[in-house]
Amino acid sequence: MHEFELIERFFAPLACRNVSVPLGDDAAVIECSGSMAVCTDTLVAGRHFLPDAPAEAVAWKALAVNVSDLLAMNATPRHYTLALTLPQADDAWLAGFVRGLDEAQHAFGCCLLGGDTTGGQTLTVTITALGELRGVPWRRAGAQPRDALMLTGPVGAAALGLKQLLGEVCLNEEMVAAQLKPRLPLDAWQALADYPVHAAIDISDGLVQDAGHMAAASGVGLRLYVEKIPMQKGVADWCARQHDWSLPLAGGEDYQLLLSVAAQTAARIEAAGLAVPIGEVIEGEGVSVLHHGQPVSLANGGFQHF
Ligand SMILES: Nc1ncnc2c1ncn2[C@@H]1O[C@H](COP(=O)(O)OP(=O)(O)OP(=O)(O)O)[C@@H](O)[C@H]1O
Ligand SMILES: Cc1ncc(C[n+]2csc(CCOP(=O)(O)O)c2C)c(N)n1
Ligand SMILES: [Mg+2]
């Protein structure tokens, strides 16, 4: 199959229709009236997913991790581009990949503007996503002393799912699903439009490491309470058995949002069931973690590529 035939057959059906110039020219053209958020994330076989991961899951995750960054910025997903490097053009793999992308597009409300397809040794998927700001951008730099820190959902399952895929533990399919096809907190995010958020970040590299980015950008310290952090029962049980909280604190790929909000806003957000308080912002620097009052130190702070 030729490169152009492949694009026409697999990717043209996913293309945005309601844009000035859609997929097919040297570049797409879109009209925009307000502010747009733009982000890029790459998935590399062997680094971000196991080489035998289902194609549907790879596609879903590639779009989900980008949409997660848009949500963290307070932007509604609209469009994306796809750069794909394939070791070979395998019909069945591509059909699965397009199914996963189609499902993700519908779930996240965005469509394909264009991209690039090349041959290469390592399967690599790079997506650049564009979203429309729905208010002020939620920056990492806005956390203020006495703010409450809130998390939109549980953490730790994706890291436990990876352990299961690697054969290190045998638990249940919920963890594997969290690793392969992470769900985003879309409903909570929709409702959060009505609340003033001082700072936000999505949890991709691990809660403590990403909280550290918020702390550094804001020039404050953050304090987290392990017993308040939401986690799936399987994760909590595993951590309690091992006396080790590194999965929810540093495992990463959770794609929940960490928010810093004024204490009175936090009470309303919690009452609406949109996020739970897990700590607070203090004067100082860095992230400290307490478990029933005892400091927790982590051997490994979070995911690092190098
Ligand atoms: N190669 C690069 N060229 C230009 N800017 C980059 C590059 N890599 C990262 N950045 C920028 O650095 C900032 C931090 O990037 P990073 O990838 O750590 O973001 P993140 O959202 O924390 O991580 P994730 O990749 O898990 O979504 C972002 O503003 C990003 O655009
Ligand atoms: C095969 C395999 N090895 C390791 C991991 C774990 N992992 C990969 S990327 C990442 C953080 C986000 O990365 P980025 O900062 O690039 O967005 C984590 C925790 C995995 N999922 N699959
Ligand atoms: Mg991010």
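Scoring rules and cut-offs
- Residues numbered from 1 in each chain as written.
- Chains lettered and ligands numbered in written order.
- Predicted model: local features only at pLDDT ≥ 70, side-chain atom pairs only at ≥ 80, totals over all residues.
- Heavy atoms only, no water.
- UniProt positions renumbered as here; feature names shortened; annotations may be inferred.
- Helix = DSSP H or I, 4+ residues; strand = E, 2+ residues; numbered from the N terminus.
- Contact = heavy atoms within 4.5 Å.
- Axes fitted to C-alpha atoms, helices over the stretch in contact; angles between N-to-C directions.
- Left-handed = near helix turned anticlockwise from the far one by under 90°.
- Nonpolar A, V, L, I, M, F, W, Y, C, P; charged D, E, K, R; others polar.
- Patch = residues over 30% accessible without salt bridge, like charges linked within 9 Å, V, L, I, M, F, W, Y side chains within 5 Å.
- Areas by Shrake-Rupley, 256 points an atom, 1.4 Å probe, with all protein chains shown as cover.
- Salt bridge = Lys/Arg side-chain N within 4 Å of Asp/Glu carboxyl O.
- Buried < 20%, exposed > 50% of the residue type's maximum accessible area, 1.4 Å probe, protein only.
- Parallel < 35°, antiparallel > 145°, perpendicular 65-115°, else oblique.
- Donors = N, O, S within 2.8 Å, 3.2 Å for Na, K, Ca; no water.
- Core = buried A, V, L, I, M, F, W, Y, C linked by side-chain atoms within 4.5 Å.
- Domains from an automatic or database assignment.

The next subject is the UniProt feature "binding site: Mg(2+) 4" (unreviewed entry) in the protein chain. Within this numbering scheme, the UniProt entry marks Asp26 and Asp69 as carrying the feature "binding site: Mg(2+) 4" (unreviewed entry). Their sequence span is 44 residues, while the largest C-alpha to C-alpha distance among them is 26.8 Å; these annotated residues do not converge on one region. Take Asp26: it is sitting in the loop between helix H1 (3-11) and strand S1 (36-44). Checked against the element boundaries, Asp69 lands in helix H2 (residues 55-72). Beyond its immediate stretch of four places on either side in the chain, Asp69 contacts Cys39, Asp41 and Asp202.

Before going further, it helps to examine the packing of H2 against helix H3 (residues 91-108). Two elements in contact, H2 and H3, have axes separated by 6 Å at closest approach and are oriented at 35°. The two elements H2 and H3 meet at a crossing, and its hand is right-handed. Across the interface between the two elements, Ala55, Glu56, Val58, Ala59, Trp60, Leu63, Ala64 and Val67 of H2 pack against Trp93, Gly96, Phe97, Arg99, Gly100, Leu101, Glu103, Ala104, Gln105, Ala107 and Phe108 of H3. Grouping the constituent residues of the contact of H2 with H3 by class yields 13 nonpolar, three polar and three charged.

In this section: a nonpolar patch on the surface. On the surface, Leu162, Leu165 and Leu166 cluster together to form a nonpolar patch covering roughly 220 Å² of accessible area. Along the chain, the position of Leu162 falls in helix H4 (residues 157-165). Owing to a relative accessible area of 31%, Leu162 belongs among the partly exposed residues under this scheme.

Glancing now at the packing of H1 against H3. Viewed as axis vectors pointing N to C, H1 and H3 meet at an angle of 40°, and their least axial separation amounts to 10 Å. As judged from the angle between their axes, H1 and H3 are oblique. As H1 runs across H3, the sense of the crossing is right-handed. Of H3, the residues touching H1 (which contributes Leu6, Arg9, Phe10 and Phe11) are Asp91, Leu94, Ala95, Phe97, Val98 and Leu101. Tallied by class, residues from the contact of H1 with H3 come to eight nonpolar, no polar and two charged.

To continue, consider the coordination of the magnesium ion (ligand 3). Asp69 (OD) and Asp202 (OD) make up the full set of protein donors to the magnesium ion (ligand 3), lying at 2.1 Å. Here Asp69 is found in helix H2, whereas its partner Asp202 is found in strand S6 (residues 199-202), with 133 residues between them in sequence. Look at Asp202 and you get buried, because its relative accessible area is 3%.

The next thing to look at is the nonpolar core. Membership of the largest hydrophobic core comes to 59 residues, with the highest contact counts inside it found for Phe11, Leu63, Tyr80, Phe97, Leu101, Phe108 and Leu259. Top element by residues in this core is H2. It accounts for 12 residues. For this core, the domains that each give at least three residues are domain 1 (3-133) and domain 2 (140-295). Sequence-distant contacts of Phe11, defined by excluding residues within four places in its chain, comprise Leu6, Leu23, Leu82, Leu84, Leu94, Phe97, Val98, Leu101, Leu112 and Thr117.

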